[in-house]
Amino acid sequence: MQEMINTIPSDKDQLDILAHAISDMGHWSWWASSFPGVFQVEFGGTLLYFPPASEGNRPQTKIAIRFSDPVSVSFLNRGEETDFDWVDLLHEDKIDSPSCSSEEFVFGNPEYAMPLLNQASSHKTVHGYEPLAGDFFSEPFCLVFWCGDNGLAVASKDLMLLNHSGVIPVSNVQELNREWWRYWREYWDKAGTAEALPKDFYCEVTIPIKG
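Caption draft 1: Broad picture of the layout of surface pockets. The space that makes up the largest pocket amounts to roughly 240 Å³. Lining of the largest pocket is provided by H27, G44, A53, N57, R58, P59, Q60, T61, K62, H164, D200 and Y202. Looking at the lining of the largest pocket residue by residue, the class counts come to three nonpolar, six polar and three charged.

And the structure:
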């Protein structure tokens, strides 16, 4: 009997899929901290399928990344940004959620994350050591991303994914992304019919080729 090939992605690959699922059309909606134990960031508009909260609504899109035992947390600015007022405003829901910059969202990989860090013209370290310290990429989990000229660099000993329903195993990320694309196909297959799904901005952005 031929040995079965394991096609389930590793946790690293799952996090790479998560990075694309967030940064493609997502936005940074919130952050919170309870140092020294926890730092959390939340995103909406992800390409991950979570069932609607109630019938007749669109699927939910929010996901939170909770970093346990964080060792380095820094907010980043680039370009002409000179202050960090946006940091508290984002935490307090007093500004619009900044859109994630596509392809500028990286878990772990220093080959791609270091150039993103090097774009920072200034940083505000709120916990632990600075992001360009030598140990940053040696930590079990680290993330660097930009939303326009605002960004974040965080490294921690552990990581957990959550939504309003509870904990999401990292191993489920690929299937949640596939489920979103199945929903996207159904959305367009039923568009303009009596079975049309509720209007969804994130589906409208990506229109399938027909014919």
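Next comes the rest of the account.
Caption draft 2: Up close: the pattern of salt bridges. Evaluated as defined, the whole model comprises eleven salt bridges. For the salt bridge of K62 with E42, the shortest nitrogen-to-oxygen distance reads 3.6 Å. Here K62 is found in the loop between β2 (38–44) and β3 (63–77), whereas its partner E42 is found in strand β2, with 20 residues between them in sequence. Judged by relative accessible area, which is 15%, E42 ranks as buried. Residue E92 is joined to K94 by a salt bridge in which the shortest nitrogen-to-oxygen separation is 3.3 Å.

Caption draft 3: Region of the structure containing the packing of aromatic side chains. According to the stated counting rule, one finds 20 aromatic pairs in the structure shown. Judged by centre distance (5.4 Å) and plane angle (70 degrees), the rings of F43 and F145 are edge-to-face. Placement of the pair is F43 in strand β2 and F145 in strand β6 (residues 141–147), with a sequence separation of 102 residues. Here the two residues F43 and F145 agree in accessibility, since each one is buried. Both rings, one in Y187 and one in W188, keep their centres 5.5 Å apart while their planes meet at 80 degrees; by these two values the pair is edge-to-face. Put simply, the rings of W28, W31, F35, F39, F43, F75, W86, F105, F107 and F145 touch in pairs and so form one group of aromatic residues.

Caption draft 4: Focus on helix α4 (residues 173–190). Taking 1.5 Å per residue as the helical rise, α4 with its 18 residues ought to reach 26 Å, and the 26 Å between its terminal C-alpha atoms agrees with that figure. Restricting attention to buried positions, one finds in α4 the residues V173, Q174, L176, N177, W180, Y183, W184, Y187 and W188. Where α4 is buried, its residues meet α1 (11–23), β7 (150–163), β8 (166–168) and α5 (201–205). Phi for G192, located one or two positions after α4, is positive at around 80 degrees.

Caption draft 5: Expanded view of the side chain of H127. Mapped onto the fold, H127 is located in strand β5 (residues 122–128). Ignoring any residue separated from it by four or fewer positions in sequence, one finds H127 in contact with F35, P36, P70, V71, S72 and V73.

Conventions used here
Once a new chain begins, its residue numbering starts again from 1 and follows that chain's sequence as written. For a predicted model such as this one, the threshold for reporting local features is a pLDDT of at least 70, and the threshold for listing and counting side-chain atom pairs is 80 or more; totals across whole chains, interfaces and linings nevertheless cover every residue. Only hydrogens and water are removed before side-chain values are computed, so all heavy atoms of the structure are retained for them. Here a cavity is any set of points on a 1 Å grid over the protein atoms alone where a 1.4 Å probe fits but cannot get out, and a pocket is any open set with protein on both sides within 12 Å along at least 5 of 7 lines; a residue lines the site when it has an atom within 4 Å of a point. Grid points are joined across faces, edges and corners, and a volume is the space filled by probe spheres set on the points. Residues are grouped as follows: Ala, Val, Leu, Ile, Met, Phe, Trp, Tyr, Cys and Pro are nonpolar; Asp, Glu, Lys and Arg are charged; every other residue, Gly included, is polar. Take a side-chain nitrogen of Lys or Arg and a carboxyl oxygen of Asp or Glu: if they are within 4 Å of each other, that pair is a salt bridge. The numbering of helices and of strands both runs from the N terminus, where a helix is a DSSP run of H or I of at least 4 residues and a strand a run of E of at least 2. Summary of the burial criterion: residues with accessible area below 20% of their type's maximum are buried, those above 50% are exposed, and those between are partly exposed, where the area comes from a 1.4 Å probe applied to protein chains only. Stacked, tilted and edge-to-face pairs are distinguished by plane angle, under 30 degrees for stacked and over 60 for edge-to-face with tilted covering the rest, among Phe, Tyr and Trp rings (Trp via its six-membered ring) whose centres lie within 6.5 Å. One fewer than the residue count of a helix, multiplied by 1.5 Å, yields its expected span. Two residues qualify as a contact provided that any one of their heavy atoms is within 4.5 Å of a heavy atom in the partner residue.

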